[in-house]
Every structure is written in C-alpha cells, then in structure tokens.
Amino acid sequence: MINQTSVQLGSVRSVIRELFEYGKKRKAQIGEDKVFDFSLGNPSVAPPQIVEDTLIDILTNGDPVEVHGYTSAQGDASVRKAVADYINSQFAVGIGADNIYMTCGAAASLCITLNALLNEGDEVITIAPYFPEYKVFTEHARGKLVPVLGEEGTFQPDIEAIKAAITPNTKAILINSPNNPSGVVYTEQAITELCKVLQECKENGQTIYLISDEPYRELVFGGVKVPYIMNYYRDSIVCYSYSKSLSLPGERIGYIAVNPAMEGAAEVYAAVCGAGRALGYVCAPALFQKLIARVIGTTSDISVYKNNRDVLVQALESYGYEVVRPDGAFYLFVKSLEPDSDAFAERAKDYELLIVSAKSFGVEGYVRISYCVSPDMLARSLPAFRALAESYKK
Ligand code: PLP
C-alpha cells in the first residue's frame, strides 16, 4: 500500500482551490465578467518593469551555462550577500551571507525550516486565523500544529492564550504578519509581549523558536510598521518570499534568514541546509536568484491594493458588513452574516461572489475576500455585495 496521507493530500483540494475551480466553470457558463472571483491570493499587479529589463539583460549578456546552471545548494554566495546587505540596511541585525538560504518561495522556506527544527511529536503554535498549509507542512515535518485563536475582533495575538498553550513539547511559534487571511499587522506591543513570554521560557531552559512567515512584509498601507522579529528575539527565523512583493509567485523565489544572534545559529543553519537537501530542493532557481540580487528593494505597485482596500472597506461597511481593519496584505476578513460561514460563502455564490469561508483558516464566523483583483472587477462586484447583505434583511 502506498502512503495514504499523501493520497489523501493529493485527492482533496483545499477549500480555496475548490472555489477557484468552481469559478472557472461558472465563468465558462455565464461569462468571465459575470463572476466576481475573490478566492485566490494571486497578485493582480504586474512585476515592476525593472524585473523584465533585468531578466532580459541577464539572458542577453550573461553566460548561459552559468545563468541556467546549478548554484550552491544554499544559494549563490553573491546573491546571499546581497540579501544579507539589504536586510542589514533595513533592520541593522548584523546578518551575513552564511545566515541566508535561498529557497523556492515561502512554502519551501517554511517546509525547510520546520524540517530543520522539529523532532517527532514537537508542537508548533500558530495564531488563528492562519494559512491552512501550516498544518500540512508541520505534520509532514513530524510535528503537531497547535492553533491559538487571536483576539476577537482585532485578531492580534492573544498572549495569555499563547502562554497557556505552551507545553514542554512546544518547539516553535509560527507567526504571519501582515496576515493571510485577516490582513492584520501584528503590533509592536503584541510582538514585544510575545517575545517576553518566549524569553521567559528560554530562561527556564526551554528554547522556543519564533518563525516569521513574511511574504506580505512590504504590502502595508498608511505607514504601518511591521516589526522585524530579529530585533525583538534571538531565537528567530524569517521565512521570506518575493511571490507577493514582486508579483513573482510562479517563479518560486524566496529565502530563509537565520538570526545570527541565535544560540547555535551555525547548527540551525546547518540543519536548514540539511533539510533542504533531504527534501530535494537542490537549489533555488538560478535565474531568479540573479534577478533578486539586482532588483532587491523594489516592489510592485502596491497602491492598487491600497485603493482596492479603501473602496471595499468603505462600500462593505456602508452595506452593514462588519470588517476587520486590514493594514496589510491583500485580504479582507469580514464577519459572516449568519453563524455558519460555510453557508454564508455558499449563499454568496447565488450573487456570483466567490469568497472563502474562514473555517479552513481556523476561525468560525468569518469569510476572506482576496482583493488582489482588477479595480474594475471590484467596482462591478459592489452591487452583488449589497444585494447579498440585503438578502439577510428580508
Ligand atoms: N505563507 C502565507 C501566509 C501565504 O499566504 C503564502 C501564499 O499565499 C505562502 C506562505 C506561500 O508563498 P509562496 O508562494 O512564496 O510559496
């Protein structure tokens, strides 16, 4: 018999994918412009022009054998240096090239990090709502995911609840801010308090690693600050990706940054290299490593997401929806108009609105709207949101 866990994972689509597939069929039936698809977190803004220009330059002027060849498993040394230099220029953490491991995006960063840290039965606390793949990645790395609900209404970390969830088996806390699916940015106060709890555990002899999943770091609006965890806690690892900041999700490029101030940083980095090796990643895409070294610090035009957020929040609130104030990413978390969010998301389909029930994100009573869509589609969808709300008033 082959591995049944893998069969199960490969046979059952995620709720989000299921909805996306439904959307494709529905568009074929009634027309592309009649369906309002808010299901996926696929960037709707093109990469900045410098990405195309630089790729053309590398392909035109680079040595093709080198451009398309293997790099070192952990990534090309000059690319890792460029990433480290950039992090230092932003956050002054004294990181070096040998603390950076180039990956195929945040998913790979997380899988490698979890496999590097966890032993059989170790627990990983995360804050709900959370990215559903965390459970898949943690369990594949022999661990157990322990979701702890964020504070009702704000979905900031609930420090007391996290404290209560820590057991002798807790090996890591996995956070994601700006958050998918809530769009919430964890405040500096929340991060400081969380790190204080972890520091207390450390002083009592238990090291708990803080893993920060940061594909949305640059996608923040109105000058909101996303604290850099290395400046708050030593035993920390950043899992970064360029999928969203540069609109390159299909190219698979990101990195893991191990805090150089961590106790045993060299051993943890070796474990990261070992996990990457055992998982068969070989190396991150060479062409895109080279690109990153040259365009680091630039982002796509995120003003489109900010405008979408403003239009959506203003409209939905005026129709009577209760929304969680989103400071970042491109997701809006909205209170379901009936207790069962699955039923609410199903009813939204009657209005050709494809929105995701938050149950799969570990929270009851909410839905996620991915507003990384064209402003035109967003504007055309508003009457449907209004009609959906009206249908509950009858
Ligand atoms: N983590 C979170 C919170 C995400 O939302 C995503 C993708 O949507 C990922 C990780 C995976 O990102 P990547 O495409 O870089 O692997």
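Up top is the structure.
Residues numbered from 1 in each chain as written. Predicted model: local features only at pLDDT ≥ 70, side-chain atom pairs only at ≥ 80, totals over all residues. Heavy atoms only, no water.

All chains considered together, the criterion is met by zero disulfides. Of all cysteine sulfurs, the one in Cys201 lies closest to Cys195, which takes part in no disulfide; the gap is 11 Å. Look at Cys195 and you get buried, because its relative accessible area is 4%. (Disulfide = S-S within 2.5 Å. Buried < 20%, exposed > 50% of the residue type's maximum accessible area, 1.4 Å probe, protein only.)

Below, the discussion takes up the pairing of strand S6 (residues 209–213). Within S6, five of the five residues are buried, which leaves the element mostly enclosed by the surrounding structure. The alternating pattern of S6 places Tyr209, Ile211 and Asp213 and Leu210 and Ser212 on opposite faces, both of which are buried. Viewed along the sheet, the connection from strand S5 (residues 170–176) through helix H9 (residues 188–203) into S6 turns out right-handed. (Helix = DSSP H or I, 4+ residues; strand = E, 2+ residues; numbered from the N terminus. Right-handed = clockwise from strand over helix to strand, strands pointing away.)

Geometrically, the link from Ala128 to Pro129 is a cis peptide bond, its omega value of 5° lying close to zero. Secondary-structure assignment places Pro129 in the loop between strand S3 (123–128) and helix H7 (133–140). With omega at -5°, the peptide bond leading from Ser177 into Pro178 counts as cis. By secondary structure assignment, the location of Pro178 is in the loop between S5 and H9. The backbone of Arg142 sits at a positive phi, close to 80°, despite the residue not being glycine. By the secondary structure assignment, Arg142 is in the loop between H7 and strand S4 (144–149). With a phi angle near 65°, Val282 is a residue other than glycine that sits in the positive phi range.

Our next topic: the site of the ligand. Among the 14 residues in the neighbourhood of the ligand, the closest are listed as Asp213, Tyr216, Ser241, Ser243 and Arg252. In this structure, an oxygen atom belonging to the ligand sits 2.6 Å away from a side-chain N or O atom of Tyr216. Contacts to the ligand include Ser241, whose side-chain N or O atom sits 2.6 Å from an oxygen atom. In the complex, the protein chains occlude 91% of the 390 Å² of accessible area that the ligand would expose alone. The leading source of residues in the shell around the ligand is helix H6 (residues 105–117), at three residues. Of the residues belonging to the shell around the ligand, the class tally is six nonpolar, five polar and three charged. (Near = heavy atom within 4 Å. Polar contact = N/O pair within 3.5 Å; in protein donor to acceptor, adjacent residues only side chain to side chain. Areas by Shrake-Rupley, 256 points an atom, 1.4 Å probe, with all protein chains shown as cover. Nonpolar A, V, L, I, M, F, W, Y, C, P; charged D, E, K, R; others polar.)

It helps to recall that an α-helix has 3.6 residues per turn; residues three or four apart then point in one direction. For helix H11 (residues 286–295), a buried count of eight out of ten residues is recorded, marking the element as mostly surrounded by other parts of the structure. When H11 is considered as a whole, its buried residues turn out to be Ala286, Leu287, Phe288, Gln289, Lys290, Leu291, Ile292 and Val295. As for H11, its buried residues are in contact with helix H3 (49–61), helix H4 (64–67), helix H5 (77–91) and strand S2 (100–103). Looking one or two residues beyond H11, the residue adopting positive phi is Gly297, at roughly 100°. (Contact = heavy atoms within 4.5 Å.)

Moving on to the sheet that holds strand S7 (residues 236–241). What holds strands together in a sheet is hydrogen bonding between their backbones, with the strands either parallel or antiparallel. In spatial order, the strands read S2-S8-S7-S6-S5-S3-S4; together these seven strands make up an open sheet with mixed pairing. In this open sheet, the two edge strands, each paired with only one partner strand, are S2 and S4. Averaged over all pairs of adjacent strands, the angle between strand axes in this sheet comes to 20°, irrespective of strand direction. By the bridge criterion, six bridges tie S3 to S4 in an arrangement that is parallel. (Pairing = 2+ DSSP bridges. Axes fitted to C-alpha atoms, helices over the stretch in contact; angles between N-to-C directions.)

Next up on the list: the packing of H3 against H11. Two numbers describe how H3 lies on H11: the axes approach to 10 Å, and their chain directions differ by 125°. In terms of their interaxial angle, H3 and H11 are classed as oblique. In the crossing of H3 with H11, the sense of the turn from one axis to the other is right-handed. Of the residues in H11, those touching H3 at Ile50, Val51, Thr54, Leu55, Asp57, Ile58 and Leu59 are Leu287, Phe288, Lys290, Leu291, Arg294 and Val295. Each residue belonging to the contact of H3 with H11 can be placed in one class, and the counts come to nine nonpolar, one polar and three charged. (Parallel < 35°, antiparallel > 145°, perpendicular 65-115°, else oblique. Left-handed = near helix turned anticlockwise from the far one by under 90°.)

Summed over the entire model, instances satisfying the criterion amount to 16 aromatic pairs. A centroid spacing of 5.8 Å and a plane angle of 80° characterise the contact between Phe131 and Tyr134, whose relative ring orientation is edge-to-face. Taking relative accessible area as the criterion, Tyr134 reaches 1% and is therefore assigned buried. Ring centres 5.0 Å apart and planes at 25° place the aromatic pair Tyr240 and Tyr255 in the stacked group. Taken together, the positions of Tyr240 in strand S7 and Tyr255 in strand S8 (residues 254–258) put the pair 15 residues apart, joining distant regions of the chain. Classification of Tyr255 as buried rests on a relative accessible area of 6%. Members of the aromatic cluster, joined through ring pairs, are Tyr216, Tyr305, Phe330 and Tyr331. Its end group placed over the ring of Tyr392, Arg347 keeps NZ or CZ at 3.8 Å from the ring centre. Above the plane of the ring of Tyr22 lies Lys349, whose end atom (NZ or CZ) is 4.3 Å from the centre. (Phe/Tyr/Trp six-rings, centres within 6.5 Å; stacked < 30°, edge-to-face > 60°. Lys NZ or Arg CZ within 6 Å of the ring centre and 35° of its normal.)

One pass over the structure, following the stated rule, counts 24 salt bridges. Taking the shortest distance from any N to any O, the salt bridge between Asp122 and Lys171 comes out at 2.8 Å. Here Asp122 is found in the loop between H6 and S3, whereas its partner Lys171 is found in strand S5, with 49 residues between them in sequence. Look at Asp122 and you get buried, because its relative accessible area is 10%. If you follow the salt bridges from partner to partner, you end up with Glu152, Glu322 and Lys335 in one network. (Salt bridge = Lys/Arg side-chain N within 4 Å of Asp/Glu carboxyl O.)

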